[in-house]
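Summary of the model geometry
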Amino acid sequence: MSNFSSQLRLSSSSIIKRLKQRMTMTTTMMIDRRSFTTAEGSRPTIVHKRSLDILHDPWFNKGTAFSMTERDRLDLRGLLPPNVMTSQQQIDRFMVDLKRLEAQARDGPSEPYALAKWRILNRLHDRNETMYYKVLMDNIEEYAPIVYTPTVGLACQNYSGLFRRPRGMYFSATDRGEMMSMVYNWPAEQVDMIVVTDGGRILGLGDLGVQGIGIAIGKLDLYVAAAGINPQRVLPVMIDVGTNNEKLLKNPLYLGLQEHRLDGEEYLSVIDEFMEAVFTRWPHVIVQFEDFQSKWAFKLLQRYRDTYRMFNDDVQGTAGVAVAGLLGAVRAQGKPMIDFPKQKIVVAGAGSAGLGVVNAARKTMKRMLGNNESACESARSQFWVVDAKGLITEERENIDPDAVSFARKIKEAEHQGLREGASLVEVVQQVKPDVLLGLSAVGGLFSTEVLEAMKGSTSTRPAIFAMSNPTQNAECTSEEAFSIVGDNVVFASGSPFKDVNLGNGQIGHSNQGNNMYLFPGIGLGTLLSGSRIISDGMLQVAAECLAAYMKEEDVLQGIIYPSISCIRDITTKVAAAVVKEAIREDLAEGYRDMDGRELQKLSEEEIVAYVKNNMWNPVYPTLVYKRD
Ligand SMILES: NC(=O)C1=CN([C@@H]2O[C@H](COP(=O)(O)OP(=O)(O)OC[C@H]3O[C@@H](n4cnc5c(N)ncnc54)[C@H](O)[C@@H]3O)[C@@H](O)[C@H]2O)C=CC1
Ligand SMILES: CC(=O)C(=O)O
Ligand SMILES: [Mg+2]
């Protein structure tokens, strides 16, 4: 270590102090009409509106929590009931209303009940963002399944009916040639994070067209809650290129373009124009691609990843989360992670998610085996990929070009007693895998027969990952996995399931294996590092960080993912790991007044402090009016 860097370490607490000061200064300097302070809530925010305009602006509205002096300052006196409430009293009042719904739902949780909760939360989101995120963050275990999977799926399916107030931006095929100017219609001067979808494949629910904007909103809710991205700097985007969903095409109340999806070069030109427009207005923004059909997911990722700050959550986020879970499943067997390359893995589903997972898991095995040719071959031979047509081998006719490198050699298949197109149950029976992982979007695909076949697994602790969303699309339930395969199973699913009571005081743990554990940290880490691209290395360290987060004693009990209540903590760590890797790869150009060179000087501890200090918290700032 150089003298300089050891001195740096010695004085790390003073540097953290310096960091804090600098970041406070940055906040002050950057105050614009839309920004407001975060942690302390004491620094005033300048607003350029008053009276009812303030009450109708969810970015600034505090409702009954406006103090009397603020009511005077902002011409609000008389426009609100006189009793000034604390933010906690406001939340208590809101929760009484929400919980009343629970008491009325005598049949227990049901879809209409979940959707009613979504509507109540959505209305709060429209009225008062600070309070909305406070409620969400304080009750994340209860409300993540409402604003995110599974209920967000239901909300998307019903979006044309549920739509009240717009949120986010809509770019459509009819806006070609206009995007560069219309992007300036968005009121925020600064946008850090965009989640964009074309609605082509929303969760496992298929083509939902324009209604898919709900998933972009739900993902960004997690960016705010988990990563502390300022809600005034997130932008959900729907690119409406039409829909091939016949029901929507015929529905007179559908809100999107009622024409078939654009394809080929026409489609690409729309997405190209959108990317150029948003990166022209906000050169530092990060764009997360979400729920595109697989045929576009891979193509667009290849097209943009070396030029723009973007990633595909379904391909790359899911891959990292799955790899972390697969490593956990090895540890749950009492084995070291380095034994991962010995695992036999059957994957059902060869779309953006399934192939993304196999690709990343193979790379991890290869690295563990020494990264040479034989390591590559060895890693390849551990995976068996099955799609709607059965086992994928080199004999597959008209094989999807994205799946070619995952096809088994016909000799290998025969050696295993299998053939092209063998059914999932046959593959499981013959391979006797350690892990059965589903990303097929087919609810119940892991039938009793398939799960019975998993009893033949050569693992001491077979793992079942039913990762498809939402709940009804999960390949099996946790109850089915434990009751059919056995108490020793390691279980994970994309949408949450309850733990299973195994009797004798034992619990079968239901883990949630969802990309929500990575995408917020990948986004935040990229933002704060100022990396121009999102490298494989940055994604890799994110996955490793998630894997390392789990403690040995938990993993041995079959707990391979953290509880969602830790999501802010895990996101902080993932983001710090991503920043560190971007610095190591010399990609980090810095963020605001923390330039690349300053970043290079930070110790690990300082990087974590830097991340934490840049996370937004739901605290009402003091508002001060100034004329435009
Ligand atoms: N847990 C998580 O974090 C994530 C879960 N997902 C879920 O993964 C699912 C798939 O997403 P994509 O790959 O983008 O969709 P996709 O539609 O591109 O792929 C589905 C794949 O499943 C295959 N399949 C269909 N029927 C099958 C059957 N009977 N047996 C075996 N395979 C079958 C299809 O041939 C295709 O290869 C969705 O339900 C999505 O919600 C996606 C991303 C993240
Ligand atoms: C979780 C997610 O990204 C999906 O199901 O598509
Ligand atoms: Mg997705």
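Note that the structure is a prediction, hence the values are computed from the model and not measured.

One open sheet accounts for 5 strands, arranged E2-E4-E3-E5-E6; its pairing is parallel. Since the sheet does not close on itself, it has two edges, and those belong to strand E2 (169-172) and strand E6 (310-312), each with one partner. Pairwise comparison of adjacent strand axes, ignoring direction, gives a mean angle of 20° for this sheet. Looking at chain direction, strand E3 (residues 193-197) and strand E4 (residues 234-240) are connected through 5 bridges and run parallel. For Val 196, the partnering residue across the bridge sits in E4 and is Val 237.

Our next topic: the site of ligand 1. If you check the shell around ligand 1, you find 26 residues, and the closest are Arg 201, Ser 294, Ala 350, Ser 352 and Asn 515. At 2.4 Å from an oxygen atom of ligand 1 is found a side-chain nitrogen or oxygen belonging to Ser 294. Contacts to ligand 1 include Ser 440, whose backbone N or O atom sits 3.4 Å from an oxygen atom. When the free accessible area of ligand 1 is taken as 870 Å², the share hidden by the protein chains comes to 84%. Contributing elements (two or more residues each) for the shell around ligand 1: helix H16 (313-332), helix H17 (352-368) and strand E8 (383-387).

What follows concerns the coordination of the magnesium ion (ligand 3). For the magnesium ion (ligand 3), the full set of protein donor atoms is Glu 290 (OE), Asp 291 (OD) and Asp 314 (OD), at a range of 2.0 Å. For the magnesium ion (ligand 3), all donor residues lie on one chain, and their spacing in sequence is E-D-x22-D. Here the residue Asp 291 occupies a position in the loop between strand E5 (286-289) and helix H15 (294-304), and Asp 314 occupies one in helix H16, the gap between them amounting to 23 residues. The pair formed by Asp 291 and Asp 314 is uniform in burial state, with each residue classed as buried.

Next up on the list: the site of ligand 2. In the region of ligand 2, the neighbouring residues are Tyr 148, Arg 201, Leu 203, Lys 219, Glu 290, Asp 291, Asp 313, Asp 314, Asn 469, Asn 514 and Asn 515. Between ligand 2 and the protein, one listed contact pairs an oxygen atom with a side-chain N or O atom of Lys 219 at 2.9 Å. Between ligand 2 and the protein, one listed contact pairs an oxygen atom with a side-chain N or O atom of Glu 290 at 3.0 Å. Its free accessible area being 220 Å², ligand 2 has 91% of it covered by the protein chains.

Before going further, it helps to examine the domain arrangement of the chain. Examined at the domain level, the chain breaks down into domain 1 (62-157), domain 2 (165-292) and domain 3 (317-516). Between domain 1 and domain 2, the C-alpha centre-to-centre distance is 26 Å. At the junction of the two partners, domain 1 supplies 15 residues and domain 2 supplies 18 residues. Roughly 1,500 Å² is buried in total at the junction of domain 1 and domain 2, and carbon and sulfur atoms are behind 62% of that figure. Taken as a group, Asp 126, Tyr 148 and Cys 156 account for 37% of the area that domain 1 buries against domain 2, more than any other trio of residues on that side.

Moving on: unusual backbone geometry. Following Thr 149, the chain continues to Pro 150 via a peptide bond in cis, the omega torsion being 10°. Its place among the elements puts Pro 150 in the loop between helix H8 (140-147) and helix H9 (151-157). Omega for the peptide link from Asn 469 to Pro 470 comes to -15°, which places this bond in the cis form. With respect to the element layout, Pro 470 can be found in the loop between strand E11 (463-466) and helix H22 (478-485). If you check the backbone angles, Ser 51 has positive phi at about 55° while not being a glycine.

Here we come to the packing of helix H6 (residues 111-127) against H8. Packing of H6 against H8 brings their axes to within 9 Å, and their N-to-C directions diverge by 95°. Put simply, H6 runs roughly perpendicular to H8. Side by side, H6 and H8 meet where Ala 114, Lys 117, Trp 118 and Leu 121 of the first sit next to Glu 142, Tyr 143, Ile 146 and Val 147 of the second. For the contact of H6 with H8, the class distribution of residues is 6 nonpolar, no polar and 2 charged.

Cut-off values and rules
- Residues numbered from 1 in each chain as written.
- Chains lettered and ligands numbered in written order.
- Predicted model: local features only at pLDDT ≥ 70, side-chain atom pairs only at ≥ 80, totals over all residues.
- Heavy atoms only, no water.
- Pairing = 2+ DSSP bridges.
- Helix = DSSP H or I, 4+ residues; strand = E, 2+ residues; numbered from the N terminus.
- Axes fitted to C-alpha atoms, helices over the stretch in contact; angles between N-to-C directions.
- Near = heavy atom within 4 Å.
- Polar contact = N/O pair within 3.5 Å; in protein donor to acceptor, adjacent residues only side chain to side chain.
- Areas by Shrake-Rupley, 256 points an atom, 1.4 Å probe, with all protein chains shown as cover.
- Donors = N, O, S within 2.8 Å, 3.2 Å for Na, K, Ca; no water.
- Buried < 20%, exposed > 50% of the residue type's maximum accessible area, 1.4 Å probe, protein only.
- Domains from an automatic or database assignment.
- Contact = heavy atoms within 4.5 Å.
- Buried area = accessible area lost by both parts, 1.4 Å probe.
- Parallel < 35°, antiparallel > 145°, perpendicular 65-115°, else oblique.
- Nonpolar A, V, L, I, M, F, W, Y, C, P; charged D, E, K, R; others polar.

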